[in-house]
Structures are given as C-alpha cells and as structure tokens.
Amino acid sequence: MGFDLEGCKRAVFHTKNSGIEAAMNWVLEHMSDPDFTSTFTVPSSSNEPTVPASGSTQSSNEPPEDSIQSVCAMGFARFQAIKALKATNNSVERAIDWIFSHPDELTEAAMDDGNDGAPAAATAAAAAVPEGYTDGTGRYKLIAFISHMGSSSLCGHYVCHVLKEGRWVIYNDSKVAVSSKPPRDRAYLYFYQRIAD
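Just so we're clear, the structure is a prediction, and the values are computed from it rather than from any experiment. (Residues numbered from 1 in each chain as written. Predicted model: local features only at pLDDT ≥ 70, side-chain atom pairs only at ≥ 80, totals over all residues. Heavy atoms only, no water.)

## Regarding the nonpolar core
For clarity, the threshold we go by: Only buried residues count toward a nonpolar core. Its members are Ala, Val, Leu, Ile, Met, Phe, Trp, Tyr and Cys residues joined through side-chain atoms within 4.5 Å. Relative accessibility thresholds used throughout: buried, under 20% of the residue-type maximum; exposed, over 50%; partly exposed, between the two (1.4 Å probe, protein chains only). Note on conventions: DSSP H or I runs of at least 4 residues are helices, E runs of at least 2 residues are strands, and numbering of each starts at the N terminus. By the convention used here, residues are in contact when the closest approach between their heavy atoms is within 4.5 Å.
Within the largest apolar cluster, 14 residues are counted, with the highest numbers of intra-cluster contacts made by Ile68, Val71, Leu85 and Ile99. The element contributing the most residues to this core is helix 5 (residues 92-101), with five residues. With residues up to four places along the chain from it excluded, the contact list for Leu85 reads Pro63, Ser67, Ile68, Val71, Asn90, Ser91, Val92 and Ala95. Listed in part, the five residues of the second largest apolar core include Ala11, Trp26, Val27 and Phe36.

What follows is the structure, encoded as structure tokens:
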C-alpha cells in the first residue's frame, strides 16, 4: 500500500507482532505522527505498561482476547488458541498454522490441568454419551482426499482422489483415471471412514 518502511517497523513493534490487521490499524492511527518516517530502533528497555493493540491492558503471559476469539472462530478450542498464540508471539495467522503443525503438543496440553478448561470440556463430552453406548474403537481408514495441482495457491486447481474398489482414482474436472501414486502427503482435506469393530 506504499506506507513508509520505518513506520511499518514501528507498527509491528507497538502491536507486538500480533498480526497484519493490528499493525495496519496502528499505521492508520499514527501515520501523521511527526516521527512516523524517522529511523526506527527498538528501545533497549521500556518502563511502560504492556498495552495490546485493542487498547486494553492485559497480563504479559495471556494473548489478547480478540486474537484468542479470532482463532476460536476458526473452530479451535480456547486452550488450543492460547497455546498457539503464545508459541507464535500472538500472530493469529501463524497460530492457526502452528495448531496444524503441532497436534501432539495440543493433545498433551488437553491433558494438563492448567490449560483453560480443556479437561472440563473432555469430561462434558464424555458425559453427553448416553449410558450403554460407545463411540467405537476410533479406528479409521482414508477413503478420499483433496489436493491442489499448480505452482502456488494463486494458480492451478483442486483434484480429488477416492479409494474405489481397492484402487485410488483421481477426479480431475471431467477426467477420471486410476492413480498409481496418489499424493496422500500433500492433501488439503482428508476424508476418513470408521472401521467397523
């Protein structure tokens, strides 16, 4: 958008790298400041209280509530959002990627008592199953996946591979063919079917 580089550095610093939206809002609010375009150096120490981009004070170990809500709005649990935001210096975009990249750490976090209600949620889910019913063994098989063909997400298209009669079949627009080496490790979306007990 053509904003001054030094002003953008200030925005990232003052919003604690919490995301592009917070930085952009800071730039728009402060672009008329007299020092906006002057060379920016990170202060060696500051005695000022920590104030997040939303303007409300917060504890230094808790991510901003609006960032937590943004991650939760994507379908993730609150404890997952908090752990991911802490791991990514409160960057919402990086936090979502972090959740997908660290499933083992999030499973461990769910078992910890200190992680913001995760055990209570698990207990509530278990209590919701009527007596005499089970949720099965939890064994699944991959039956289909969707992957992207192209040099980047900006070009190319999506195709679907389906396991049909023991063979992988690729559906590429109107073309259907047997797939000898389906790219299972590069899919965006996986479809599983529960294996009967």
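## Quick look at the sheet that holds strand 1 (residues 140-152)
Here is the rule: Each pair of strands is called paired provided DSSP finds at least two bridges between the two strands. Between the N-to-C directions of two axes lies an angle of 0 to 180 degrees, each axis being a line fitted to C-alpha atoms and, for a helix, fitted only over the stretch in contact.
Strand order in the open sheet formed by five strands is 4-3-2-1-5, with antiparallel pairing between adjacent strands. The two strands at the open ends of the sheet, each matched to only one other strand, are strand 4 (175-178) and strand 5 (187-194). For this sheet, the mean angle separating the axes of adjacent strands, direction not counted, is 20°. With five bridges connecting them, strand 2 (residues 155-164) and strand 3 (residues 167-172) associate as antiparallel partners. Residue His161 lies in a different strand from strand 3, and its bridge partner there is Ile170.

Don't take any of this as a statement about function, it's just geometry.
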